[in-house]
Amino acid sequence: MNRHAAVMRHAEAGRLEPVRLFLRYRDSDTPPRGDAPEPRLAEGWLRPGTQEVGPFRVRLACDIEGECATYELSLRNGAERPLRLEALGLGFRWRPPRLAAPRFLRQGWQSWSFAGGWPLDEVGEPPFPSGPWLRGFHRGLARVPSDRSGWHEADLVTAVAAAPGGPAVCAGVLESGRALGVVFLRREDASVRLELEQWWERPLEPGATLEGEAVRVALGAEAERLLEAHAADHGRRAGARNGAPFRPGWCSWYQFFHEVDEASLLRNLEALAAARETIPVEVVQLDDGYQRAVGDWLETNARFPRGLAPLAAEIRDAGFVPGIWVAPFCVVPESQLFASHPDWLLRAEDGLLRGLYHGQWSREGWVHVLDPSHDPARDHLLRTAAALVALGFQYLKLDFLYTAALTARAHDPTLSRVARLRRGLDAIRAGAGEDAFLLGCGCPLGAAVGVVDGMRIGPDTAPAWDTVEALRIPGLEPTLPAARNALRNTLARAWMHRRLWQNDPDCLMTRGSDTELSAAEVRTLAVAAAATGGMLVLSDDLPALAPERRALAAGTIELARRLDRAGGGRPLALLEDDVAAGAVARGTRDGWLALFNGGEERVRRDVDVRALGLQPADAAPEPLLDSPPPGEWKEGHLAVELDAHEAVLYRLRMLPPLAVFCDFDGTFAVQDVGSTLARRYAGARRAALWDRLTRGELTAWEYNLELLDGLPLPEVELEAFLQTVQLDPGARELVAWCEHEGVPFRVLSDGFDRNLDRLQELHRIRFDYDANRLRYEAEAWRIEAAHPNPACDCGTGTCKRGRIEAFRREYPDVVIVHIGNGRVSDLCGALAADVVFAKDSLAEALAERAMRFEHFETLYDVRAALERLLAHLSGS
Ligand code: 9PG
C-alpha cells in the first residue's frame, strides 16, 4: 500500500514527497505554566483518509492540481478526557535536482517583523538574544519546541530557492483567523524538509471536533511567482479586501511624532488643499499624539483643545477623507478605560498582562491589552470604531494589533491566540462598517486577511537610514524604525499587494531638512514605494517643503498610481539578499525597472532588460524620480553603478506581445510598382521571362535581374510614376496605431529601397522596411538583392520568411503577423508568421494549402482585427 499521498513533480523543481502528519498535544486541558513539560508528539501518515493519531481521529483530504497541492484536515478528540491541542503539522521533503546555496524567505509574524532572503544553512534560526517575551513580538511562537532546534523558521508562508535564481518550493498555511501558521525548514543533504505547523493552543472536550486551517504547497521555476500565486489563492479563500482605490494620503507621524498639535495639522490641511492640483492627496490622517491617554480614543489632550469632531469636519470640508490612528487593544493605567474596566484586560499568570513597554505612553511604561475574547470588551471595540467613523473618520489606522494575540490568560480559553485577535478585528470592522478603510499595523499578517483593506508590511520608516543607537535591543534591530528596515520589507513582501490587501510600505518623507536622509536615500524610498505600487502616504510639513521636494512627492504619487494599476512590481532575485537588488513592473505599453543597493559598498548592477520582457526598440531607458541615466546602455543590456543606499528607477518600453510585417506592392500601396513599370518599360521581354518564371526555370530574383537590371528608365519618368502611386486607405492609420501601441511595424518588400524612400516622402509617412537595392547608373537601373535566402525556395531578393525568422530568434515570445497579397514573395512570409492577413493570390494560395488566414479588403480591416488581437494578448 502507498504510504504517502501522491508525490508532486515539476520539470525543473524536482519532487515534493509527503513525509508525516503530526500533532502536539497535552493530556489535560489546562494551559501550561512557564515551567510545564513540552507537549507530546503523535505521528501519523500524510495521506488522504481517516486515521488515529495519538488520541485524535484525523481526517485529511488532498487536492493536487498540477504543481500545487492543497490539504484540508479536521480532527476529533477521540479520548474520554479533555485534551489540549497545541499544534497540527504536515511534513514534506523537497528533492530538487540540485541544491546549491539554497535560500528562503525568512518571514516574521507581523507588520514590523523581519522579512527577507536568508541562507538555508545548517545552523537554523539564530537564537534570539532577548528572551521569549520580545521574541514573541515578531514570531508567532515566543518559544519553539525543542525538536525544532537547528531548523529555520518562517511565519505564515515561505519559499525556498534551490540555488540562486533556481527552481523553488513555496509552502504556507492559508490562515483564516483561527490558527497560527509556522513553517519550519531544514536542509538535509540534497533535500529540504518543510514542516507546516498550525498552532491552536486550545482545549478540546471529548468528542469535540475542529476544522484545521488549509495548507498549500507548490513547486515552480521561480520563487517570486510562486509567492504571488500562493497569496492570490490565500486571498481568494479568505475573502481578501484587495480592491480599494489607490488613494494618496498624508500622515502626521513622521514629521511631528508625539508632539503633533492642532495648529500643525490645520496648517498642513490648508497647504494640502492649496497643492491639490499638483499633489493629489486624498486622505489626511492624524497619528499618535492627539489622545488623552492610550485607550481613551475619543478624548483629546491639551494640544487638541477642541476635540476630534471639529477636526474631522474641517478635514472633510477641505475635501479630504479624514483618517485617524488608534491602538485599539492598548490600554495604559492612566486611561479612563483602565480605571473603569480592569476586568476587560488580558491577564498573565501573575496578574494583568503587561503587553508591551512604551516610555511615551504611560508613566511606568507598561501597556495593557484589551481581551477581545471577552464580550463587553469586544463590544467596546465595536462602539469605539463606530464612534470614530460617526465623527467622520472613514480611514482608521489600527496599530499595535499583535498585542491581542500575545500569550495570555483570556476570558475565553477555547479561542486560539489568533482567533482572539480576529474576534477583535471583526468587531472593529462591524463597528466601522463596510465602507471604512481599515489599515492594519503591527498586525499578525494571516489573521487579518479579509478584514483590513491595507496592511503595513514592514517596520516603521524613519528620517534616518539606520536605527537609533539608543533603541537597539539585541534581536530587535531589523524590526525597529529605520529607512533601511522599511525598504527591505517593502521589497520582500511586494507579492502580497492587491492579493491579500493593499500593501502599505509606510510613509514617504521627501523633505531635505529635519532629516538625516540624504537626497539619494530619499529617492531610494520613493523608488521602492513607486516600484511596488502600494499605498502612498506623505509625512512632511508641507508648508516647509521645498519646490523640488514637492515635485518628488508628486512624481512618486503619480508613479505609484500607475504601477499599482500595472499590478505592482516583482522583486528581482528576492531571496538572494536581505534587500532585493531590484524590481520590475509591466504595463501594457510601459515597463519599469528599479535597482537598489541596500548595502554599504558601491555595487554594479547588470541587467539584460530583454530577458525581463522589456524594451524592444533601441530607445534608451527613461530615468525617473531624478535617477541618473544608466552608465551603460546597449541593445537591451543595462549597467549602472549604485552608491551605498542608492536606487534608480527607469521607464522602459514594454516588449509588445505583437509585431506586424506588411508587404508593400499591392498591399500597403494600391499599385504594384515593380510590375507596372516592367509592363510599361520592358513589355516585350516581360512575357517571355514570365513564362520561364512560371515554369520554374527562373527564380523570382533572377526574373527581376533579367527584366530590370540595366533597364533604361529616366529618373523623371520614374518620379512621374511614383507620384501616381496611392497607399491603401487604411495604411496611414495602421502605422499610427502600431506606433501608438508600441507594436513594431515593418514593411517587407521584394521591391526597391529607392522607391520606398521616395514614396515615404511623397506621402509624408514613416515606416521601417526591408527591400532590395536600386541605384541609377548612366540613366539605367542597377539592382541588388538585399536579403536572399538560399534555405528558402521563394527565390526572392528579400526573403520574407528569413526576415521573420530572424525577428523571432530575437523575440521568441512575440506573436508575428504578416499581411500580404501575392503568392510569390508573400507566401513564405505567411508560412513563417503566426497570424496572416491575406487577399488576392496569397489568399488563394493559402486556401489551396488549407492554411488559416484572415481575409481583408483594406488595411482598415487589419487594424480593427489587430486591436482585438492585442487586447486579447495583453489580457484586457
Ligand atoms: C505611533 C507609531 C506610528 C507608526 C507605527 C507605530 O518597536 N517599536 O518600539 C515601535 C514603536 C513605534 C512604532 C512601531 C514600533 O510605530 O508603526 O506608523 O503610527 O506607532 O506611535
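Now for a quick tour of the structure. Fair warning: this is a prediction, and the values are worked out from it, not measured in the lab.

## A few points about the overall build of the protein
Line of reasoning, step 1. Helix and strand content of the protein: 21 helices and 46 strands.
Line of reasoning, step 2. The principal-axis extents of the C-alpha atoms in the protein amount to approximately 115 × 75 × 45 Å.
Line of reasoning, step 3. Classification of the 876 residues of the protein by burial places 59% in the buried group.
Line of reasoning, step 4. Across the protein, the fraction of contacts at a sequence separation of at least 24, relative to all contacts at a separation of at least 6, is 71%.
Line of reasoning, step 5. Working note: accessible area of the protein is about 34,000 Å², and carbon and sulfur atoms make up 49% of it.

## Quick look at the packing of helix 19 (residues 825-832) against helix 20 (residues 840-848)
Helix-helix packing is described using two parameters, namely the angle between the two axes and the distance between the axes.
Line of reasoning, step 1. Remark: helix 19 packs on helix 20, axes separated minimally by 10 Å, with the N-to-C direction vectors making an angle of 55°. As far as their axial angle goes, helix 20 and helix 19 are oblique. The two elements helix 19 and helix 20 meet at a crossing, and its hand is right-handed. For the pair helix 19 and helix 20, the contacting residues are D826, L827, A830 and L831 in the first and L842, A845 and L846 in the second.
Line of reasoning, step 2. Tallied by class, residues from the contact of helix 19 with helix 20 come to six nonpolar, no polar and one charged.

## Things to note about the side chain of H234
Line of reasoning, step 1. Turning to its location among the elements, H234 is positioned in helix 2 (residues 223-237).
Line of reasoning, step 2. Looking at H234, the relative accessible area reads 2%, which means it is buried.

## Quick word on the pairing of strand 11 (residues 157-161)
Line of reasoning, step 1. In terms of burial, strand 11 is a largely internal element, five of the five residues being buried.
Line of reasoning, step 2. Of the two faces of strand 11, both are covered, the one formed by V157, A159 and A161 as well as the one formed by T158 and V160.
Line of reasoning, step 3. Pairing between strand 8 (residues 103-107) and strand 11: two bridges, direction antiparallel. Note on strand 11: the bridge partner recorded for R103 is A161.
Line of reasoning, step 4. Pairing analysis gives five bridges linking strand 11 to strand 12 (residues 168-174), with the strands arranged antiparallel. Across the sheet, residue V157 finds its bridge partner in strand 12, namely G172.

## Here we look at the site of the ligand
Line of reasoning, step 1. Taken together, 13 residues sit near the ligand, with Y254, D287, D288, K397 and D460 positioned nearest.
Line of reasoning, step 2. A distance of 3.3 Å separates an oxygen atom of the ligand from a polar atom in the side chain of W112.
Line of reasoning, step 3. In the environment of the ligand, an oxygen atom lies 2.7 Å from a nitrogen or oxygen atom belonging to the side chain of K397.
Line of reasoning, step 4. Residue composition of the shell around the ligand, by class: seven nonpolar, no polar and six charged.

## Let's talk about the sheet that holds strand 34 (residues 590-596)
Line of reasoning, step 1. Within the open sheet, the five strands sit side by side as 32-33-34-39-36. Their pairing is antiparallel. Two strands in the sheet have a free side with no partner beyond their single neighbour: strand 32 (570-572) and strand 36 (622-624). Averaged over all pairs of adjacent strands, the angle between their axes in this sheet comes to 25°, without regard to strand direction.
Line of reasoning, step 2. Against the sheet, helix 10 (residues 519-532) makes contact with strand 33 (582-586), strand 34 and strand 39 (647-653), and its axis sits at roughly 40° relative to strand 39, the strand it touches most.
Line of reasoning, step 3. Packed onto the sheet, helix 11 (residues 547-565) meets strand 33, strand 34, strand 36 and strand 39 and runs at close to 115° relative to strand 34.

## What about helix 10?
Line of reasoning, step 1. Relative to the 20 Å expected for 14 residues at 1.5 Å per residue, helix 10 spans 20 Å between its end C-alpha atoms, a close match to the ideal helical length.
Line of reasoning, step 2. Counting buried positions along helix 10 gives twelve out of 14 residues, so the element sits mostly inside the fold.
Line of reasoning, step 3. The set of residues buried in helix 10 consists of E521, V522, R523, T524, L525, A526, V527, A528, A529, A530, A531 and T532.
Line of reasoning, step 4. Looking at the buried side of helix 10, the elements it contacts are helix 9 (483-492), helix 11, strand 33, strand 34 and strand 39.
Line of reasoning, step 5. Immediately downstream of helix 10, the backbone of G533 shows phi near 75°, a positive value.

Criteria and cut-off values
- Residues numbered from 1 in each chain as written.
- Predicted model: local features only at pLDDT ≥ 70, side-chain atom pairs only at ≥ 80, totals over all residues.
- Heavy atoms only, no water.
- Helix = DSSP H or I, 4+ residues; strand = E, 2+ residues; numbered from the N terminus.
- Buried < 20%, exposed > 50% of the residue type's maximum accessible area, 1.4 Å probe, protein only.
- Contact = heavy atoms within 4.5 Å.
- Areas by Shrake-Rupley, 256 points an atom, 1.4 Å probe, with all protein chains shown as cover.
- Axes fitted to C-alpha atoms, helices over the stretch in contact; angles between N-to-C directions.
- Parallel < 35°, antiparallel > 145°, perpendicular 65-115°, else oblique.
- Left-handed = near helix turned anticlockwise from the far one by under 90°.
- Nonpolar A, V, L, I, M, F, W, Y, C, P; charged D, E, K, R; others polar.
- Pairing = 2+ DSSP bridges.
- Near = heavy atom within 4 Å.
- Polar contact = N/O pair within 3.5 Å; in protein donor to acceptor, adjacent residues only side chain to side chain.
- Expected span 1.5 Å × (residues − 1).

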